[in-house]
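Here is what each chain is made of, one letter per residue.
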Amino acid sequence: MKLTVKNKTLFLLFLVLGLLIGSIAWEVLERIIHLMPGLSDFSLTMNEPLTLFDFYVLAVSFRGNPGTILGSIAGIILFFTI
């Protein structure tokens, strides 16, 4: 599918869903690896979260990992193959 003005929201949806699914899948993978003996120090997730906005009552932050990048790439590829 070509990226046009009409389907840019669909493209962004694929991108964000790929980003979220990739991030969660990587986190699950790291937690499974932490259960294995001798591999408890393995982590490729950012140490400090990237704060998107921080109000006194509400704060949203993001911790990126390789799954974030891989998931967003997969979302883009899936969009263009449909």
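See the structure printed just above.
I will try to describe carefully the structure that is included in this document. (Residues numbered from 1 in each chain as written. Predicted model: local features only at pLDDT ≥ 70, side-chain atom pairs only at ≥ 80, totals over all residues. Heavy atoms only, no water.)

**Some details on the overall build of the protein**
In terms of regular secondary structure, the protein is built from two helices and two strands. What you see in the protein, going N to C, is helices and strands ordered as α-β-β-α. Relative to a compact globule of 82 residues, whose C-alpha radius of gyration would be 12 Å, the protein shows 16 Å and is clearly more extended. In terms of overall dimensions, the protein has C-alpha extents of about 50 × 35 × 15 Å along its principal axes. Burial analysis of the protein (82 residues in total) assigns 22% to the buried set. (Helix = DSSP H or I, 4+ residues; strand = E, 2+ residues; numbered from the N terminus. Rg over C-alpha atoms; globule rule 2.2 N^0.38 Å. Buried < 20%, exposed > 50% of the residue type's maximum accessible area, 1.4 Å probe, protein only.)

**Side note on the packing of aromatic side chains**
A complete count under the given rule lists five aromatic pairs for this structure. Considering the side-chain rings of phenylalanine 11 and phenylalanine 79, the 5.2 Å spacing of their centres and the 70° angle between planes classify their relative orientation as edge-to-face. Remark: phenylalanine 79 occurs in helix H2 (residues 66-81) and phenylalanine 11 occurs in helix H1 (residues 8-35); sequence separation between them is 68 residues. Its relative accessible area of 16% is what places phenylalanine 11 among the buried residues. Phenylalanine 79 gets classed as buried once you look at its relative accessible area, which sits at 1%. With a centroid separation of 5.3 Å and an interplanar angle of 45°, the aromatic rings of phenylalanine 53 and phenylalanine 55 are classed as tilted. With a relative accessible area of 34%, phenylalanine 53 lands in the partly exposed category. Owing to a relative accessible area of 55%, phenylalanine 55 belongs among the exposed residues under this scheme. (Phe/Tyr/Trp six-rings, centres within 6.5 Å; stacked < 30°, edge-to-face > 60°.)

**Thoughts on the pattern of salt bridges**
For the structure shown, the criterion picks out one salt bridge. Two residues, arginine 31 and glutamate 27, come together in a salt bridge whose shortest N-O distance is 3.0 Å. Placement of both arginine 31 and glutamate 27 in helix H1 is noted, with a separation of four residues, approximately one turn of the helix. Arginine 31 sits in the exposed class, given a relative accessible area of 56%. Accessibility expressed as a relative area gives 29% for glutamate 27, which makes it partly exposed. (Salt bridge = Lys/Arg side-chain N within 4 Å of Asp/Glu carboxyl O.)

**Some remarks on H1**
With 28 residues, H1 extends 41 Å between its outermost C-alpha atoms, agreeing within 8% with the 40 Å of an ideal straight helix rising 1.5 Å per residue. Among all positions in H1, only Phe11, Phe14, Gly18, Gly22, Ser23, Trp26, Glu30 and Ile33 are buried. Against strand E2 (59-62) and H2 lie the buried residues of H1. (Expected span 1.5 Å × (residues − 1). Contact = heavy atoms within 4.5 Å.)

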